[in-house]
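# Reading the structure
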Amino acid sequence: MRVLLLEDDPALNDLLNDHLMDKGYDVTLCTDGQVALEYLIDEVFDLALLDINTPSMTGIEVLKTIREEYKNQTPAIILTAYQDTKHLKDSFESGVDDYIKKPFDLEELDQRVMKLCKHFLIEQTEDVIISSTVKFFPESCQIKIGEKTKNIAQKERDILKYFCKHKNRVISSEELLQNIWAYEEMPTDATIRVYIKNLRELLGKDRIQTIRGIGYKFEL
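Residues numbered from 1 in each chain as written. Predicted model: local features only at pLDDT ≥ 70, side-chain atom pairs only at ≥ 80, totals over all residues. Heavy atoms only, no water.

### Considerations on the overall build of the protein
Convention followed: Per the convention used, a helix needs a DSSP run of H or I reaching at least four residues, while a strand needs a run of E reaching at least two, with both numbered from the N terminus. Our radius of gyration is a C-alpha quantity, and the globule rule it is checked against amounts to 2.2 Å times the number of residues to the power 0.38. Accessible area is worked out with a 1.4 Å probe on protein chains only. A residue is then buried under 20% of its type maximum, exposed over 50%, and partly exposed in between. Note on contacts: a residue pair qualifies if any of its non-hydrogen atoms lie within 4.5 Å across the two residues.
Assigned secondary structure in the protein consists of 8 helices and 12 strands. Computed over the C-alpha atoms, the radius of gyration of the protein is 18 Å, within 12% of the 17 Å expected from 2.2 N^0.38 for a compact globule of 220 residues. Among the 220 residues that make up the protein, the fraction classed as buried is 47%. Of the contacts formed within the protein by residues at least 6 apart in sequence, a portion of 54% connects residues at least 24 apart.

So, in structure tokens, the structure goes:
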């Protein structure tokens, strides 16, 4: 799992980095909000841990920018020493998924990370039931339809995982691009349409609806 950590306190930065690496995560460290923003725009992460009080941009400003301007839905947890409700409210209004007040135990962080992993199918190893006859196996890039198992491409797997995370809401092509592809490997809209077409052939045309002029809606 790729984690972006924005924390400008050297001691806490080192502690969290060591702990997350011990858990087997691939961690990118930032001490500056603008740098963290650039990473989140250019690369794909499974999770972002954002301190509020950081140079250049606060963690809340970083979060609000990626959510509103870049349609980036990377799961995020705010880390903060603030105890007031205003920062809590601002964080959730900016699109945060969870909020931890300092000081906190590493076990608490682990539990909150695990909760988001389960909710957003991060490092999903179990099958996802799409219907009574269709199951999706993210780890092996396979879809089982009845008794037949079909292999799918890695990016088709990533798109289907994203659809499952955000089922029953409209998702634009821009959002898919920002959340699945790194900046330097961005595909064309035509490429995305091919991936969607392939998934429709397996899952049925009605499962992935095209919302004309807006994007796609995955019915689950």
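Now that the structure has been shown, the text picks up again.
### Quick word on the layout of surface pockets
Rule in force here: Here a cavity denotes grid points, spaced 1 Å and computed from the protein atoms alone, that fit a 1.4 Å probe unable to get out, and a pocket denotes an open set having protein on both sides within 12 Å along at least 5 of 7 lines; residues with an atom within 4 Å of a point are the lining. Grid points are joined across faces, edges and corners, and a volume is the space filled by probe spheres set on the points. Three classes are used, and their members are as follows: Ala, Val, Leu, Ile, Met, Phe, Trp, Tyr, Cys and Pro are nonpolar, Asp, Glu, Lys and Arg are charged, and the others, Gly among them, are polar.
As a volume, the largest pocket reaches approximately 490 Å³. Taken together, 24 residues line the largest pocket, and the ones lying closest to its centre are Val44, Asp46, Asp158, Lys165 and Asn179. For the lining of the largest pocket, the secondary-structure elements that each account for two or more residues are helix H6 (154-165) and helix H7 (173-180). If one sorts the elements of the lining of the largest pocket by residue count, H6 sits on top with 7 residues. Broken down by class, the residue content of the lining of the largest pocket amounts to 8 nonpolar, 7 polar and 9 charged.

### Focus: the sheet that holds strand S6 (residues 128-129)
What counts is decided by this rule: A pair of strands counts as paired when DSSP detects no fewer than two bridges linking them. As a rule, the C-alpha atoms of each element are fitted with a line to give its axis, helices using only the stretch in contact, and angles between N-to-C directions run from 0 to 180 degrees.
In space, the 4 strands of this open sheet follow the order S6-S7-S8-S9, with antiparallel pairing throughout. Both outer strands of the open sheet, S6 and strand S9 (148-151), are each paired with one neighbouring strand and no more. Where H6 meets the sheet, its contacts fall on S6, strand S7 (134-137) and strand S8 (142-145), and the angle it forms with S7 comes to roughly 115°. With respect to the sheet, helix H8 (residues 189-203) is in contact with S7, S8 and S9, its orientation differing from that of S8 by roughly 30°.

### Description of the side chain of histidine 87
The residue histidine 87 is located in helix H4 (residues 85-93) in this model. Note on histidine 87: relative accessible area 18%, which makes it buried.

### A closer look at the environment of isoleucine 100
Note on placement: isoleucine 100 falls in strand S5 (residues 98-101). Separated by 58 residues in the primary sequence, isoleucine 100 and aspartate 158 place their C-alpha atoms 29 Å from one another. Those residues in contact with isoleucine 100 that lie beyond four places of it in its chain are Ile77, Ile78, Leu79, Thr80, Glu108, Leu109 and Arg112.

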